Each structure stands twice: as C-alpha cells, then as structure tokens.
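Working through the structure, step by step
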2 protein chains.
Amino acid sequence: MSNFQPQSVYDVVVVGGGPAGLMASLCLTTYGFNILHIDERPHTTTAGRADGIQPRTIEVLRNIGGVSTAPIPGGPIAGHSPVTGSGVAKKMISQGVRVYEVAFWDPTATQKLARTRRAPSCPDFVDVVDNYTLLLHQGLIENAFLDEITAVRRVEIIHPFVLIGLQRRTVLPNATRMPPNGLFRPYLLKDCRTLPADASDPLSGTHPVEAVIEHADSKLQHTVRARYLLGCDGAKSHVRRCIAGGQVGDGEWQGKITMQGEATDIIWGVLDARVTTNFPDIKYKCLIHSKSEGSIMIIPREANLVRFYVQLQTSEGGKVVSIARDKATQDICIARAKKIFEPFNLEFGYVDWFSVYQIGQRIASQYTLDHRIFLGGDATHTHSPQAGQGMNISMLDMYSLAWKLNLVMKGLGKPEVLLPSYEHERRGVAQELLKFDAAYSRLFSGRASDATHLTGGVDAEKFIEMFKQNAFFTSGCGAVYFGNELNALPGSPAVAGRHGAAFNPPGGKLTPGHRLTPGRVTRTADGNQVRLQQEVKMNGAFRIHVFAGDLRKTKGALDRFAAFIDSPASFFNRHRVRAGVFSSIVDGPAAVMNHTATASNAHVFNPFFTFLTIVGTHWYEWEVDVDIPSPLRLYRSQVYGDSLFDRRVPEVGTNAPVHHKYGVDLGKGAIVVVRPDSYVGAVVELSEEGWLGLNGYFAGFLDRPGSDVKAKI
Amino acid sequence: MSNFQPQSVYDVVVVGGGPAGLMASLCLTTYGFNILHIDERPHTTTAGRADGIQPRTIEVLRNIGGVSTAPIPGGPIAGHSPVTGSGVAKKMISQGVRVYEVAFWDPTATQKLARTRRAPSCPDFVDVVDNYTLLLHQGLIENAFLDEITAVRRVEIIHPFVLIGLQRRTVLPNATRMPPNGLFRPYLLKDCRTLPADASDPLSGTHPVEAVIEHADSKLQHTVRARYLLGCDGAKSHVRRCIAGGQVGDGEWQGKITMQGEATDIIWGVLDARVTTNFPDIKYKCLIHSKSEGSIMIIPREANLVRFYVQLQTSEGGKVVSIARDKATQDICIARAKKIFEPFNLEFGYVDWFSVYQIGQRIASQYTLDHRIFLGGDATHTHSPQAGQGMNISMLDMYSLAWKLNLVMKGLGKPEVLLPSYEHERRGVAQELLKFDAAYSRLFSGRASDATHLTGGVDAEKFIEMFKQNAFFTSGCGAVYFGNELNALPGSPAVAGRHGAAFNPPGGKLTPGHRLTPGRVTRTADGNQVRLQQEVKMNGAFRIHVFAGDLRKTKGALDRFAAFIDSPASFFNRHRVRAGVFSSIVDGPAAVMNHTATASNAHVFNPFFTFLTIVGTHWYEWEVDVDIPSPLRLYRSQVYGDSLFDRRVPEVGTNAPVHHKYGVDLGKGAIVVVRPDSYVGAVVELSEEGWLGLNGYFAGFLDRPGSDVKAKI
C-alpha cells in the first residue's frame, strides 16, 4: 500500500470509511471530484455492526451508479450503453436477506411466551418498490460501495462534464498513485481547520481547508488542502473535536459543538450467532418481551446468522436493575437470551460478533461551524440501534450533502443557501429519529412511563401500536423535509412572492420535501416498461418532469413551455456554467442512432437540468416528432407514455395511472421538479404562471454565473 | 490449454459449445454428472448469430443455478445460504436490451413508409414475469453459461447427493485436469457409435457409447466411453452423420436420419451494425415492408447495435427475383436496407457481423436411433431466424432431455418411457415452430399465396394478425406438450386405468403439458414474498404442490395425504434410490436454525421429490407446527401463505389469489405435480383417489429400484 501517495490538493477530504464516508466518496466521485478519502482502520468491517438497509435507502442506492451518457439528450438510452459497475444496490440485495414481516412475542395468560401479533415490516400504505428491510453485515455493505467506487473510477466516463471540459483525466491527474477504490487506509486524521483568508496564499480563496493526516504504521504525515472536509468519523469524531474544541474526556459536553441529549442506565448486548432452536420465528424479525427477564429483538441475517439484541438486566432484591456495563460479557448475554427465550430451546453455536451498548440519544448542536468542514452520520447523531435507522440516516446525510456541494463547487449553486440547507434538512430528520428512538427503546426496554418503572413489564399493545404508527418513518419514506428555498411548500421561502398561486395545484398528491413515489411508464424511445423514479440516475441534475396530461387539451401550454425553456429568460438558460460553450446536443458521439434532423442547434446542453415528458394520452396515439415540442423531444430517451396498470389506482385501469396517482389534472398537466436526491422540490401548473414560478424557485438557490464561472471552478 | 486432458470414461459426452450444448453441460453438471464437453471452435462466438431470448426461456434460465441446500427439507431457505454463481439469467439480463413492443411499417396511400401499427411483443394475456424478449449477442449468452458452469463446478456443493454418497469429488476425480468451465476446445468429434453388447467389455453394460475426439491443433486423438452422447453440433451435425450414415454432399436426404422439409429461393442478409438515422423506431423491433423493394426486420441490440434482417431481392425485367446467394455481399445488403428504409435516412457505421441465409424449414426424421446418442438443437431443426425462436427451442431441447437422463442415470427413471418422451415432446414443438415459420417467413417475404406471387407486396393486415395470433407460441409459453406418460391430460396414457376421475378436477386452470404460470406467495418460514415458480431451483426433483385451500375444510384430507406420503405404499417411498440409507432430514448440518424437536425420524429424504404446501387460509391464522402435518411441515422453507394481490384475479383481492388463478377449489384443495422442467405433469384432487392416482402416474415412468440401484449407478 506504500506506493499510494496522497496529493497535496483535493476538492474534498472525506474522513471515515464507514457507510457515511463511503456514500460521500461514491457520490462525489460520481460527480467527478477529486477526493481524499481516509480511514484509520486497515480493513473493512469484518463482522457485526450495522446491518439493516431500509426501503427508502434501497431506492436511493438503486439510483446511484450505472451512470452512462443517458442524461445527455440524444444520448443512448439507459441499458443501451456500458455503465459503471454492476450497481451497489443489486450487489447488496444479492448478498443479504429480506425482512418483510415482524412478529411480536409476549407473555400471555396461558403461555410463558407466545406470538401475539404479526405485522408487515413495511405496511402496504408505504408506496415503495422494495417493501422490505435488507439485512447484511456492515462489511458487505462497505465492500459493495468500494467495488462501485472502483468501477466508477476505472471507467473512462463519457460523462456530461466531458462536454464542459471537466474531464476526469484533469480531475484525477495521479490516479495510478491512488488506491483503486479511492480509500487510503490506515490513515488517521491528526488535525483539520479552515484557514483564514490570506492574500499571499494562492489556495486561500478556493481551498481554505487544511488537514494533516498520518499513516498509522509509518507515521508519515501529509498536509493537504481542500475546498471542503467531511467528518464521517463516527460517534467519537476527531473532526468534531478538531473544530469544536473542548477537553478530551468531557464527553463532548463542552466546545463550540456539543452533543445534546441524554443517556439511560439501560444496557443491551448485541451479538451475531448461529443457533439451534425450536423457536418457530427464528428467521423473522421478532420483538420478544418476557414476563420479567427483559426483552430481545432478533433479526435474520445472511449466512444463517441471527442478530440478537438482548436487554441485560438482573434482579436485585426483588428489583430489576441493569447489569453493569463492565460485567456485560458475551456469556452473560447468551445466558440472558436463553432465559428470555424460555420455554423455547436456544443453543448457541458460532458467535460472529458481540458488543454492548447503553441506550441514549444525542445530537450535535451544529453540523458545521463555517460551511467548509461538515459533520454527518454518527458524528452528529447517536441513538440505540434497535430501530435499524442509524446507518441509513448516516448514509443519506452524505447523499444529501453531496449534490449540494456538487452544485456549489461547479459554480452554479449559491453556497449561502444550499450549504445551510444540509443541516436544516438533515438535522430535522435526525431529531425525528431521536424522538422516535427515545420513546421506542424505552418502551421496548419496559421503561415507558419513567426511569423508576422497573417492573420489567412491557405494554405490548402500546408497543405494537407505536411500531405501526412509525412504520412510515422507519421505512425511510417518512424522512421528510420542511419548507425552505428548496422545498416549495405553501408558505415556504421558495414560493414567497414568486407566482406562489401556481405552486401546489389543487388535487396534487406529490408534496415538496417528500420523495417522488414510484410509477411505471412506457419509454417511447424503445417501448420499454420502466420505473420513472429510476430513469435518471443520480447525476446532479434537477429532473424536470413535465406531465403533459391529455395532449389534445395541453398542446398549447406544452408548446409554450418548450419555447420558454429555449428562451434566454428560462431557468434552463439562466443557470448554466459558461453559457454557450456546451456542445450542441446533436454533436456528440452519443448522437449515433438518434435523430439529427430534428434537433435544434439553438438548444445547448445544460447538465444541471434534465427533462422527462410523461403523456397521459395513450402513447400509441401520438408521435414524439409531431406532438412533443423541441427541446422536450430532444430528451428523446425521456419521453414516456402513461398506460401501465398500477394497483394503487386500480379504478383508472390503464388510463394514465401515474397522472392519477400523482394527482395531476389530465386536462391541465403539471410540472414536477425533482431534486437530484429524488425529493420533490416543487410542483407547479403547466402554465406561464407555473414556469415563471419555477424561474423564481431556481433563482432562490442557483447563481447566474455567466462567464466568471471558470474562476469559481 | 494442453495441460487439460480428457479422461477415458464419462457419464455423458456433449458435442458442441453453442447454446444447446452449453445448456446440456450446465444442467448435467448441476445434476452432478461427469461430462466431456467439446467444441471445435477455439473461442466463444465473437459476434452475430442468435440474439433473442424469449420470455419462457428467461423463466427457465432464472430457474437454473443458485442451487443450494434448499431442496433438503430442514435445510436453509433460499437466499440464506451460499449459492452457485450469480445466476445465468441475471447476467444475461444485465447485459442485454429488452424488446417489449413491435412496430409495423408499411406503405400507405399517402406515405412511402409509415408506422401502421404497434403491438406488444408479449401481449398481456401471456402470463409471464419477464414480458419482453431479451437481446444480446450469442457470445455473451455463451459466456454467461460458461461462467455459471465454472461456478457450479467450483463450489463444494452441499448438495442433495452428498447425502446419498454421490459426492462431486467422486464424480469429478480429475477436476484439475479439466478446463474450469468444463469445455474442451478446440476439439473435433471424429466418430461416435454405440457398441453392441459384449460380455468381454466391462463397460459394455453401462457405457456402450464410444467417441473419438481430436484436438484441432495437435491432432492428438482420444477414444472415450460414455453412457450417452448428445449431438448439439448444429445444422451440419457430424454426430448426425456418424449415426445416420448417408453420403457427404447428399444434403442429409439420405441415411437413417433424414432432414425433412423444404427450402425456398428467398435470400436474406443479416447484419449487426451501428447506424445514424432519422427513423424514429430504430430502438424497436420493427417489421418493415416496402412497396416493391422487399422487407426488413430490425431488432435493437446491446452496445447500440442494430440487427438487420434484409430481404435481398432485385427487379429483373419487371419481375422481382431474389439476389443469388453468391452475389449477396455486405455492400449489397446495406444498399438494399437503405432502399427499403426510404424516405428515411440510414447511414451505416461500424458493422459487427454479416451473413446470408436462405429461407427454409427442415426437421430431422428422428432425434435418436438407439436412445444412447441423441440429437438436439439445430442438428434436428433448422428454419429462418426472424421469428427469434431457434436458439430458444434448441436450449430447451437439452433442458428437457437433461432431467430425463438424470432420472435414468440415477437408476430411478424407466429409460424405455422417459427417453422416447424427449423426441415425442420436443419434436412436437419443433414441428409447431416449422409450421409457424414457414407461414410467417413467406408472408414476411411477400410470398404468402404461392411461389409465383412475386409482386413484392405484403398483406400487412394478414401479417399483423398472424403475428398476434402467434404471440403465445413465440413467447415460448405456447411450447406445450401432448398427453403421454408424463403429461396427465384427460385420455392420456398417464391417467388410463389410474383413478383417472381424480385427475384434472373441474374448474382447474392448470393444464398438464403446459408450464406452471407465475404466482406470488408468502414463505411462512421467513415471511418473504416470493415467486412460487422459482422457489425450487432446477434440481431434478418433482415438485409436489399441495394446495391446501381453506384449512378448516381440508384439514382431514391434508392429514391423510401426509400420512400417505410416509407410508411404504406412497410414490415417495416406492421410488427411491437405495431406500432407507438416506440421512434423516434432521441430522445434517443444514438442520442448524431449524426445528429438531418436531421432525419425524421415520421420514427419510428422497431427492427426487420435494413438497410445497400452499394454504388459502390467511397465514396469520394458522401455525406450521400445529396445522401443517408432518412430513409436509418438515419441508419448512416450502410452506406458503396465499394472500398477495395478483392483478390477474383482482376480484379476489388478497383472498387466496393463486388458488383462484390456478382454479383450485378452496374447499377441496388440490395436488399439482410439476415436473423438474417446471411443466405441469398432473393435477389431482386432494383426496385418496387423487394420491392413488399419483401413485399410478409416477409408476408409469419411475422404477422401484430398491437395493439393485447401486449397480445401475
């Protein structure tokens, strides 16, 4: 490994090689940035730790990777050109096991332990494609990321940015001196800070962050400069300590950033093991409450492992108390588990991993101090593992930050709006999680009412009710954002004074700040039946969905919108990097097999927007070249017919089910802006008021860089 | 490659490394046999040739590979244990493109060429999971097979046959001297024959086939002995010549096996190319008829290629005639294509492959002479490629033969019944194909009425009508088998005198000789939502589906059936290899995490049958250990609840949709026997008449080998 040499300047330094850091690395590598990624561990996780991937996270992972030239209008259709890697989601899915159902086991009047209820893990009202939790150990998850990053780095990407001169070759001048998966290990972060402005420092304006890293074995140190640094280094984050100060040993209760929240005295053991048992639901996620011995949660795992979360309590003088943390051994954990499982047999074989944790919820008072060095993942929020949320929310922290950094670093995004929105949106989700976790874990530990309620009894009914109520949140789909400049909810800053009446037309069922729900459509370029959600892979572009409804009624509006897009006044032409220097969309090698005759030379590609046109009129009844105006039809591989049955709107049959599901008036149409992270940003009428509203919406967080962009990049 | 050395004795010799031969190799390797597989080509196909995989073939490929210990009752559930390879179907799907729709282009009153119709490639009434044709070039298909064979050979399989002493190690004593993918190349078959019985020849009784093979470069010859030999060596099959005789140059019209059928003078060119065009449907399968220049079919392909089938005709003295085969160059083919495409532009770039063929249909008069040396694939049937059927039917020939050979070679199948059924079933399908192809290709070439009808005009209406009518057949789902000993249709030998009244109960919608249609169910062992069709991977076992309907009404019958299975008189105990020496199902390492307490020691595993119990009563309302009698419940990972919505029976909601779809009376239940190739073999009442009927059914083609089996193996 010693032949890998860090450079001295990077776009971004990512500290930490767990799921959050890997998500940051994968996203930023996909966007074409040069990153330094370090981890102090010499290897990926070999056992244990986090293991549950929730439905929304699977949806996100499915949207990452496989980036080809698809987002270029006129480019090959997805699946028709080589792609990067095999897909991080597919790899994980092929290696994990699935949980669709949860079983609740409690003492009953007649039985020591009985199944009192079953419930779907992801209830039917949650509209997701992958309606299960995927379970595999953290090392497999990390390796799937690393394999994908390797694939992305290896491919000579025919990438949008090739067209604007940001070639990968330029970005990665010393690719051969970097590890193929981009991760330098074992390297420790020794120090990091944001340097003050200094006219004598040529990097001061663009790369104010300085970090000192050290090889764990050779102790060789390197000082590197970067635009940004991301601290994904876990609950004991050294990045946090570097920027926040405070004393070692203060438990992060001092310094400029503090960890707020509380701990309990409730101790749990967690282990991964193979067992022999006559417990019938051993391959289910089970929430098991004994009468007086405490609780257990079990989760099935790959390779015939079972994950056990075991409450470690004992009886002292008739009072139930937690076992002291230093006495909580693997043997005691196993003994407790066997006790709680009575009257069922439970014999432990191979134990893959064992650990102990204390229930508590803490959240960082701030995620960043200067919008140059950011924290995320466990460095910003810790909680109990039972809800299976931690790794998911940590990964999605970085997924959420990466696209904003992309826009800012490429000179298009307003840093003063986009960068604060990271904490605004993600801290809100983390707070929801902590609130849920506090209630859930206490209820599960039989400590619902208060800390002195130590009878060991659990209110099963209340617990099950809570489980069900929170399924939307625990699926990940309930991680919704409040109104801000990015989420054009009624009354939000995004709509104020900006043709606000055109936003959120009546009847609409898509909500800004919520994810785009699934819908199947027919891609008219090749007649394939596809999932609209996954048509544009994460590439940093806003996805402008034009729901054209009934073409006979919307033709005029559609033509006017198309003309507007090509006008200099449109958001599409206002917000571009060095306007005018893009290749015309008909020029590239990707134009093979696509129309050249009908393309307008006036329309020049802007990689930060892509258009998807979905037509309600049956697609057999119209022609792309006749009925879909340019430039919408130039995004030839993103024109769709909406006539595939959807069981969630069975009443409409095959008559525009997605329009109905999304609440789009077939007579009027609508424009739905989906952010690069597949959250709905804005929904407007398909009308002049609507697109002028969008102009205001985008102006709220995008610059009009014009010719000064080069300097910014 | 010279370090690979053929042995002198094999179970089976497979000649030909195309899709048919590879299917034979994959299936027989999966069944645990030692095969010699040779191909005269030094490499896999590099370009062109067959490229279309039909829905039914995808379904079959999905059912191959990934063999784990799942079929062992008490063994790990699918997905919970390591499997072989990544799945041959998944690999192909990730590399190919999909055709869902077909466009028909014809001259109209006002336009030289216009789209006159669209139609789904696989209409909605065809009930398949993969409702598209998958397109990728033959080399990718071959490599997917070879990768999977490598994976199967590499895995130290914890395999059903481990339990009966047929360990892979024994079967493949010289594995290191064989190519990892099992394919010896370049090797030619010089001669093959079945030797007459000879008491002085110790192999005479078991390995009567002798083959002489020669390394194409070193010319080193080897003589090998085998039980069986499969000729998958194409239209000019040398195996066929070896066994059938006749003179070289006789066009296979002489000898003991003749190729029957006819050729036409219609010449087509076929090429794979990249093009630039303004033809809007270039990424569709299109059937294009020009007014007087002939016809073209185009098919989209991976890597932005387009497959062109171009009719090569010209005008001579006002009469349209075919271009002579020796004058049909690539340039002429391209010129004809451009002409037919007028008024659209069509510019050819890179050409990947070019070939010429003459339309004709021929079928071998016999597929075997002695049931030791068999022919299949192109060696038995040739036809025009446009219908996209050839490779599919060829692969399925071998898929169909392999499981019968498996039963026979393991001493359980009656060779005199099972082996002739190969030709009976597959020749019927090939004849259907030829009939369809003759009509279709002539109609497409504008030669519908008769050979003198040479105006070049095509009856578009008639053609489209024919296309639609045949979609069931071209999807592969219409490859249905007639009644015989294996397909218990009314009046077939399988039911005659065998409680025939219990077969095919009224209302049933599954038909013996047809494939099992898809259905989604909940696997109660882990609550996973799964596809019933794919729950048991191809492992040579008959899949006994017990549809238990409404448990309150069927409980008695279910208990009696379970008792019957365990009785000495049942088909399960009559037809086994060395009865009594199997491991008890609770003993193996696979028993980890599964019930030990409830298993009956009296029930011993029989790898040739597996039981799937599907209950109509909602699965929340019953318990495997209480309501499902042993031994059915011992197949713990194959007990299912039937409560997942199916859009094909929307009227029942979640109330036993699969029962309704298959036409099973909830009050009575039914037993559905699915053959190892996922064809329905028999449907009977869940009653004593029913299972006694099944006893008769299985006795028709299975031996009762008892203790003399060892010798047979």
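Residues numbered from 1 in each chain as written. Chains lettered and ligands numbered in written order. Predicted model: local features only at pLDDT ≥ 70, side-chain atom pairs only at ≥ 80, totals over all residues. Heavy atoms only, no water.

The name that an unreviewed UniProt entry assigns to chain A is Phenol 2-monooxygenase, with the source organism given as Roridomyces roridus. Its UniProt record, at the heading Sequence similarities (unreviewed entry), says of chain A: "Belongs to the PheA/TfdB FAD monooxygenase family." (UniProt positions renumbered as here; feature names shortened; annotations may be inferred.)

**Quick word on the overall build of chain A**
Each helix and strand in chain A was counted, giving 17 helices and 27 strands. When the 713 residues of chain A are sorted by exposure, 64% land in the buried category. A total of about 24,500 Å² of accessible surface is found on chain A, and carbon and sulfur atoms cover 52% of it. (Helix = DSSP H or I, 4+ residues; strand = E, 2+ residues; numbered from the N terminus. Buried < 20%, exposed > 50% of the residue type's maximum accessible area, 1.4 Å probe, protein only. Areas by Shrake-Rupley, 256 points an atom, 1.4 Å probe, with all protein chains shown as cover.)

**Observations regarding the UniProt feature "domain: FAD-binding" (unreviewed entry) in chain A**
Mapped onto this numbering, the UniProt entry gives "domain: FAD-binding" (unreviewed entry) at residues 10-65 and 208-436 of chain A. As annotated, residues 10-65 of chain A comprises 36% helix and 21% strand, and the C-alpha atoms at either end are separated by 22 Å.

**Some points on the sheet that holds strand β23 (residues 542-549) of chain A**
Residue and element names in this part refer to chain A. Pairing within the open sheet is mixed, and its 7 strands lie in the order β22-β21-β25-β24-β23-β26-β27. This sheet does not close on itself; its edge strands, each paired only once, are β22 (528-531) and β27 (680-685). Shown here is a sheet whose adjacent strand axes are inclined to one another by a mean of 30°, direction ignored. Note that strand β21 (residues 520-523) and strand β25 (residues 639-641) share 2 bridges and pair antiparallel. Among the inter-strand pairings, R523 is bridged to a residue of β25, identified as Y640. Its contacts with the sheet put helix α16 (residues 688-699) on β23, β24 (609-615), β26 (670-674) and β27, and the angle it makes with β27 is roughly 150°. (Pairing = 2+ DSSP bridges. Axes fitted to C-alpha atoms, helices over the stretch in contact; angles between N-to-C directions. Contact = heavy atoms within 4.5 Å.)

**Some thoughts on helix α10 (residues 460-469) of chain B**
Every α-helix winds through 3.6 residues per turn, so residues three or four apart in the chain are directed the same way. Residue and element names in this part refer to chain B. If you check which residues of α10 are buried, you get A460, F463, I464, M466 and F467. Along the long axis of α10, the arc covered by the buried residues comes to 160°, so they all point the same way. Away from its buried face, by an angle of more than 90 degrees, α10 presents the exposed residues E461 and Q469. Looking at the packing, one finds that the buried side of α10 touches β5 (101-106), β6 (114-120), β13 (285-289), α9 (415-444) and α11 (471-474). (Arc of directions from axis to C-beta.)

**Here's the deal with the packing of aromatic side chains**
Two numbers describe a pair of aromatic rings. These are the distance of the centres and the angle of the planes. Residues and elements named next belong to chain B. Tallied over the full model, the rule gives 78 aromatic pairs over all chains. For the pair F571 and F609, a centre-to-centre distance of 5.3 Å together with 55° between the ring planes defines the contact as tilted. Note that F571 is positioned in helix α13 (residues 571-574) and F609 in strand β24 (residues 609-615), a separation of 38 residues in sequence. Each member of the pair F571 and F609 is classed as buried. Here F611 and Y635 contribute two aromatic rings whose centre-to-centre distance is 5.3 Å and whose plane-to-plane angle is 65°, an arrangement assigned as edge-to-face. Placement of the pair is F611 in strand β24 and Y635 in the loop between α14 (624-627) and β25 (639-641), with a sequence separation of 24 residues. (Phe/Tyr/Trp six-rings, centres within 6.5 Å; stacked < 30°, edge-to-face > 60°.)

**Let's talk about the state of the cysteines**
Residue and element names in this part refer to chain A. Taken as a whole, this structure holds 0 disulfides over all chains when the rule is applied. In this structure C286 is not part of a disulfide, and its nearest cysteine sulfur, from C333, lies 16 Å away. Given a relative accessible area of 0%, C286 falls into the buried group. (Disulfide = S-S within 2.5 Å.)

**Focus on the packing of helix α3 (residues 88-95) of chain B against helix α4 (residues 138-154) of chain B**
All names here are of chain B. For the pair α3 and α4, interaxial distance at closest approach is 9 Å and the crossing angle is 150°. By the angle between their axes, α3 is roughly antiparallel relative to α4. Note that α3 runs across α4; the crossing there is right-handed. Counted together, V88, K91, M92 and Q95 of α3 and L140, I141, A144, F145, D147 and E148 of α4 form the full contact between these two elements. Along the lines of polarity and charge, the residues of the contact of α3 with α4 split into 6 nonpolar, 1 polar and 3 charged. (Parallel < 35°, antiparallel > 145°, perpendicular 65-115°, else oblique. Left-handed = near helix turned anticlockwise from the far one by under 90°. Nonpolar A, V, L, I, M, F, W, Y, C, P; charged D, E, K, R; others polar.)

**Re the interface of chain A and chain B**
Listed per partner, the contact involves 50 residues of chain A and 49 residues of chain B. In this assembly, chain A and chain B are joined by 2 salt bridges. Across the salt bridge formed by E623(B) and R115(A), the nearest N and O atoms sit 2.1 Å from each other. On inspection of chain A and its partner chain B, the count reaches 10 residue pairs in polar contact (both at pLDDT 80 or more). Among the elements of the structure, β4 (97-99), β6 (114-120), β12 (259-277) and β22 of chain A are those that each provide at least two residues to the side of chain A that touches chain B. Each residue belonging to the side of chain A that touches chain B can be placed in one class, and the counts come to 22 nonpolar, 15 polar and 13 charged. (Salt bridge = Lys/Arg side-chain N within 4 Å of Asp/Glu carboxyl O. Polar contact = N/O pair within 3.5 Å; in protein donor to acceptor, adjacent residues only side chain to side chain.)

**Section: the environment of Q361(A)**
One can find Q361(A) in strand β18 (residues 346-364). Each C-alpha atom of the pair Q361(A) and M259(A) lies 9.4 Å from the other, and the pair is 102 residues apart in sequence.

**Quick notes on the relation of the copies chain A and chain B**
Note on the identical chains: chain A maps onto chain B by a rotation of 180° and an axial translation of 0.0 Å, with an RMSD of 0.0 Å. Taken together, these values place the two copies in the relation of a two-fold axis. Closest approach to the rotation axis within chain A is made by the C-alpha atom of R647(A), at a distance of 3.7 Å. A shared binding surface is used by both copies, with 98% of the interface residues of chain A retained as interface residues in chain B. (Least-squares fit on C-alpha atoms with pLDDT ≥ 70 in both.)

**A few points about the environment of V683(B)**
All names here are of chain B. Locating V683 in the fold gives a position in strand β27 (residues 680-685). Between the C-alpha atom of V683 and that of P19, which follows or precedes it by 664 residues, the distance is 32 Å. Among residues more than four places away in sequence, those in contact with V683 are A502, F503, N504, P505, L510, P512, I671 and V672.

**Some remarks on α9(B)**
The end-to-end C-alpha separation of α9(B) is 43 Å, in line with the 44 Å expected for 30 residues at 1.5 Å each. One or two residues past the end of α9(B) sits G446(B), with phi positive at roughly 75°. (Expected span 1.5 Å × (residues − 1).)

**As for the sheet that holds β24(B)**
Residues and elements named next belong to chain B. Within the open sheet, the 7 strands sit side by side as β22-β21-β25-β24-β23-β26-β27. Their pairing is mixed. Every interior strand has two partners, whereas the edge strands, β22 (528-531) and β27, have only one. Looking at each pair of strands side by side, their axes are set apart by 30° on average, direction ignored. As judged from the 4 bridges shared by strand β21 (residues 520-523) and β22, these two strands associate in the antiparallel manner. Note that in β22 the partner of V521 across the bridge is V530. Those strands touched by helix α12 (residues 551-566) are β23 (542-549), β24 and β26 (670-674), and its axis lies near 150° from that of β23.

**Concerning the pairing of strand β12 (residues 259-277) of chain B**
Residues and elements named next belong to chain B. One ladder, built from 15 bridges, connects β12 with strand β18 (residues 346-364); its direction is antiparallel. The partner of A263 across the bridge, within β18, is G360. In terms of strand pairing, β12 meets strand β15 (residues 306-311) through 6 bridges, oriented antiparallel. By the bridge assignment, L271 is partnered in β15 with F308.

**Focus on unusual backbone geometry**
All names here are of chain B. Between R185 and the following residue, P186, the backbone shows a cis peptide bond with an omega angle of -5°. With respect to the element layout, P186 can be found in the loop between β8 (183-184) and β9 (187-194). Of note, the amide linkage connecting E342 to P343 takes the cis form, showing an omega dihedral of 10°. We note that A303 has phi near 60°; this positive angle belongs to a residue other than glycine. Turning to its location among the elements, A303 is positioned in the loop between β14 (295-300) and β15.

**Here's the deal with the side chain of T258(A)**
Residue and element names in this part refer to chain A. Inspection of the secondary structure assignment puts T258 in the loop between α6 (238-244) and β12. Given a relative accessible area of 18%, T258 falls into the buried group. Apart from residues lying up to four places away in sequence, T258 is in contact with E252, W253, I363, A364 and S365.

**Describing the pattern of salt bridges**
Residues and elements named next belong to chain A. Enumeration according to the criterion identifies 78 salt bridges over all chains in this entry. Across the pair E59 and R56 runs a salt bridge, and its minimum N-O distance is 2.7 Å. You can see E59 and its partner R56 sitting in helix α2 (residues 55-62), 3 residues apart, about one turn around the helix. Comparing E59 with R56 shows no difference in burial state: the two are buried. Of the charged contacts in the structure, one is a salt bridge between E347 and K338, with a shortest N-O distance of 3.3 Å. Overall, the relative accessible area of 45% leaves E347 in the partly exposed class. Connected through shared salt-bridge partners, D124, D127, D646, R647, R648 and K661 make up one network.

**Quick notes on the packing of α9(B) against α10(B)**
Packed helix pairs are specified by the crossing angle of their axes together with the interaxial distance, meaning the distance between the axes. All names here are of chain B. Contact geometry for α9 and α10: axes closest at 10 Å, N-to-C directions at 150°. With respect to their mutual orientation, α9 and α10 come out roughly antiparallel. Judged by the twist between their axes, the crossing of α9 over α10 is left-handed. Contacts from F436, A439, Y440, L443 and F444 of α9 reach α10 at K462, F463, M466 and F467.

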